[in-house]
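Remarks on the overall topology
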Amino acid sequence: MIQLLRADLYRGSRCLVFYVFLILNALLFLSQFYNLYSFQASGISVSMRDLFVGGMGGGIGFLGIGSAVISGVFVGREYASGAIRNKMIVGGGRSRIYLSKLIVCSLMNSAFYLVYPIGCLFIGGFAFAWGSNPLELLFLVLAGLFMVLAYSAIFTGISMFSQNTVLNLVGGILGVIIVSAVANILQIELQGAYVTAPSDPETWLFVPCQWPHWVQNLVNGFIRLMPSGQSTLLVDKSANYGVLVALSCGWIVLSGAGGAILFRRVDIK
Amino acid sequence: MTVIYILLLVLMVIFVLFLFLKICLMKLSLRKLLSQAKEKIQNDSNIPLTSPSHDQDILRIAAFLTTELDSVLRAGRQYTEGNQKIKRAVMNVSHDLRTPLTSAAGYLGLLQKSGLNERQLEYVRILEGRIRAMKNLTEELLTFSVVASEEENIPLERTCINDCLEESLMQFYLALNERGIEPKISISEKRVYRYTNRETLSRIFDNILNNAVRYSDGDLFVDLCEEGKIVFKNTASKLDEVSVAKLFDRFFTVENARGATGLGLSIAKILTEKMNGVISAGWCNGQLEICLYFPDQAEPK
Amino acid sequence: MEHVLQTYGLTKFYKRNCVVDHVSMNIRRGEIYGFVGRNGAGKTTVMRLICGLIQKSSGSYELFGKRDDDARLDAVRRRIGAIIETPSVYPDMTAVQNLREQCFVLGITDPNVVPEVLEYVGLQDTGKKRVRNFSLGMRQRLGIAMSLVGSPDFIILDEPVNGLDPQGIVEIRELLLRLNREKSITILISSHILGELSKLATCYGFIEKGRLLKEITAAELEEACRKSIRIQVNTTDSLACVLEREFSLFGFKIISEHEAEIYDEIPIGKLALALHAAGIELYRVLEKEENLEGYFLNLVGGASQ
């Protein structure tokens, strides 16, 4: 297991896509920082939380796309070159190979994600006030980390079983975008809407969601379960971090245990 | 002050933990080295020794052991390979001798019919005898090299030793009579069954009896007891304790006896051992005693 | 001698297609086993099964005496190196990087191993060249190097000379012979051309439509393919004189008291007459003439009927 991890880390540290996304996320941070800084300069009050929230991937699930691409390319390349066979032939053990991939993908994706919060901590701290409770921000970052780990778990699993880079990338990116869009729309629906009253066009009325209760619960659960849904929730102050982290852990355990067992019976191309 | 103490304490705890982990890893590595070295030798394997710990000293031990074990294993391989090569060469030579020998015998036959005088015929007859002896020698050498280099297992089945022994004795009756040997035979009433191969078993008996015919001073005792132990006994003044010990050695002959290759008993020994039997030779009071025993085992796999 | 690999009725179905059909093969230590069959005969599938890349449908196999359901099988797999189909190397890394990654997988820490292996296969001068710019032959050799870094006892090579020029084929053959001799590595090598293996293998297995038709040693194959006339007579005692005197023929061998084999051209009718004149009774004449490919095609043709 240690040997497989060392080998995967060796290759992971030479994975170009990983560095590209690392830099992209750093650029994202810088642009967000610049935006907020100019807001502050024009007199709008900005807190650290606003900066942190910018790194959660927002509506399109940037973190999800990044994780999908990094995991998909890292694992897919091993299948494309056939090098995964080298590991099986010498008795690496299917489960151990799977777990090693899961761990290394998780590490890479975490590094990709953490570029932003670390930037916030070291650069943002000088520019903005620690508005709310710093502990809450720590929880926010942790919840984000677990969300990224859940992404890694899902995409490592998909990549290991699909055995094809293109499929990984298309499936991963499309999946993230679609789920993000659906989660966004549902979120808006659940929150209810302001509509103009038919009698008086000047008055705005708040209409809460009209769906039956159980459908609302179901939709709520769906949003919290999907990492892409979580990223829309994390922006909101009312999010319950505990539940989100627990659900993410569920994904990790599912992929780690279930994937490792299922992978034993897979025929390798 | 307290802050520094706490800091120191934390540092020490970290240091101790680090050492503890390092010791554990090194112990694990040493244990692995031992098991890998054992496996390497047992399996005659090329696999190098590896250790999870990257401690330089342990790595040096692993590298040293790997090279040393490799050279030991290589020497062993060279030895077996050389042995195999010699056996094959012997087999090939004895095979290749057959054609010219047969050819020579044929020409000798023609020579005999071509109107030679008395003296010439005498020489041709001697020549014929020598060629026949030579033929026997090559045949036996071939048999020996085939038996010695054969790797296949002999198929074993339940065989009655009594029958097989009686048959062999019957075939030798004439030869024994010619030498004036009156064999004393006692074969157990109870039929003894063992997992052996009938053909091979009778070859073993033949070789032992052949030996007896050649070297006996005029007597032969054959005894098969109920436990399945077979004893051949004969007086042999030409032998002594030292030479009896060498009896099963390849190419051992008592004297330059004509037609004796010294391979008969070696072949018997190899075949016996291939069928999980035991063969031994003893010497007491001027008598040579050859004991043959097949343990009564359950059906082999 | 112990067996490196034994399979017992190994079978693999793809959907309802039987790709490998009760294959029982035996590879002993130190052998070079030539695995011969036409394209699509099931060679690669057998190798994948053995390497644990795909699941068997039924049957079983034993590697170094460990059965496939044994938990210690993964441990003995450490003694195997293999190239299945194409060499498994990362195209965007250099030869050294590829080998170093495999060293990590195998836990090898000795820094001398990578240069040694590269020199062994003759790739020491590739430097920073990425594998994607390698020629086919170089890639093939790198593949062999990848399977050698762990100093295996058994290597499995799937069509390693496929698509190589004659020079490359000779080089690989020399390399394999050296490995077999110097490190006593057992080799399982597949090809669809019997002739390619004829100077290499010590043992052959012929496969067609997923079934192992025959296992035969190189000596037996050579015997079977040697052009000869085998005659059975009542006695060979004066046969040699007849052959040598009447036909001035020396390419023959006396096999036993009743059989001899003649390797040179000989008119059968005259032979019969001459033997009769010499008082030798001729019982049977058996003529054999086959080359390697002919032998293989015969075998395969017989199986497909």
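What counts, and where the lines are drawn
- Residues numbered from 1 in each chain as written.
- Chains lettered and ligands numbered in written order.
- Predicted model: local features only at pLDDT ≥ 70, side-chain atom pairs only at ≥ 80, totals over all residues.
- Helix = DSSP H or I, 4+ residues; strand = E, 2+ residues; numbered from the N terminus.
- Buried ≥ 20, exposed ≤ 12 C-beta atoms within 10 Å, placed from the backbone.
- Domains from an automatic or database assignment.
- Pairing = 2+ DSSP bridges.
- Axes fitted to C-alpha atoms, helices over the stretch in contact; angles between N-to-C directions.
- pLDDT = per-residue confidence, 0-100.
- Contact = placed C-beta atoms within 7 Å.
- Core = buried A, V, L, I, M, F, W, Y, C linked by C-beta atoms within 7 Å.

Right, let's talk about the overall build of chain B for a bit. Secondary structure assignment for chain B yields 7 helices and 7 strands. When the helices and strands of chain B are read in sequence order from the N terminus, they spell out α-α-α-β-α-β-β-α-β-β-α-α-β-β. Principal-axis analysis of the C-alpha atoms gives chain B an extent of 125 × 55 × 35 Å. Scored against the burial criterion, the 301 residues of chain B give a buried share of 22%.

Our focus in this paragraph is the domain arrangement of chain C. For chain C, the domain assignment lists domain 1 (3-222) and domain 2 (228-288). The C-alpha-based centres of domain 1 of chain C and domain 2 of chain C are spaced at 46 Å.

Here we come to the pairing of strand β1 (residues 3-14) of chain C. A regular strand places its side chains so that they alternate between the two faces of the sheet. Residues and elements named next belong to chain C. Pairing of β1 with strand β3 (residues 26-28), which is carried by 3 bridges, proceeds in the antiparallel orientation. Looking across to β3, one finds that Gln 6 is bridged to Asn 26. Bridge count between β1 and strand β5 (residues 58-63): 5 bridges; the pairing is antiparallel. The residue bridging Leu 5 from the neighbouring strand is Leu 63, located in β5. Two elements, β1 and strand β2 (residues 17-23), share 4 bridges in a ladder whose sense is antiparallel. Across the sheet, the residue bridging to Phe 13 is Cys 18, located in β2.

Further remarks concern the sheet that holds strand β15 (residues 282-288) of chain C. All names here are of chain C. Pairing is antiparallel in the open sheet, where 4 strands are placed in the order β13-β14-β12-β15. Looking along the sheet, the strands with just one partner apiece sit at the ends: β13 (252-254) and β15. Sheet twist, expressed as the mean angle between neighbouring strand axes with direction ignored, is 15°.

Residue and element names in this part refer to chain C. Mean pLDDT over chain C: 86, with 98% of residues reaching 70 or higher. Here helix α11 (residues 292-304) stands out as the least confident element of chain C, with mean pLDDT 73; strand β8 (residues 154-158) is the most confident, with 93. Interface confidence for the predicted complex, given as ipTM, is 0.82, next to a pTM of 0.78.

Residues and elements named next belong to chain C. Positive phi is not limited to glycine here, since His 22 has a value of about 45°. Position of His 22 among the secondary structure elements: in strand β2. Look at His 22 and you get partly exposed, because 15 C-beta atoms sit within 10 Å. A positive phi angle is found at Lys 209, which is not glycine, with a value near 50°. Examined against the element boundaries, Lys 209 turns out to sit in the loop between β10 (203-208) and β11 (211-217). Residue class for Lys 209 comes out partly exposed when judged on the 17 C-beta atoms lying within 10 Å of it.

So, on to the interface of chain A and chain C. Each partner contributes residues to the interface: chain A has 23 residues there, and chain C has 27 residues. When residues of the side of chain A that touches chain C are traced back to their parent elements, those giving at least two are α1 (2-12), α4 (62-81) and α5 (83-89) of chain A.

Grouped together as the largest cluster of nonpolar side chains are 134 residues, with contacts concentrated most on Ile 70 of chain A together with Cys 51, Val 117, Ala 145, Val 149, Ile 156 and Ile 187 of chain C. With 15 residues, helix α7 (residues 134-162) of chain A is the single largest residue contributor to this core. For Ile 156 of chain C, the residues in contact, after removing those within four places along its chain, are Met 47, Ile 50, Cys 51, Ile 80, Ala 82 and Leu 188 of chain C. In this structure, Phe 172, Leu 201, Val 222 and Ile 290 of chain B belong to the second largest nonpolar core, which totals 29 residues.

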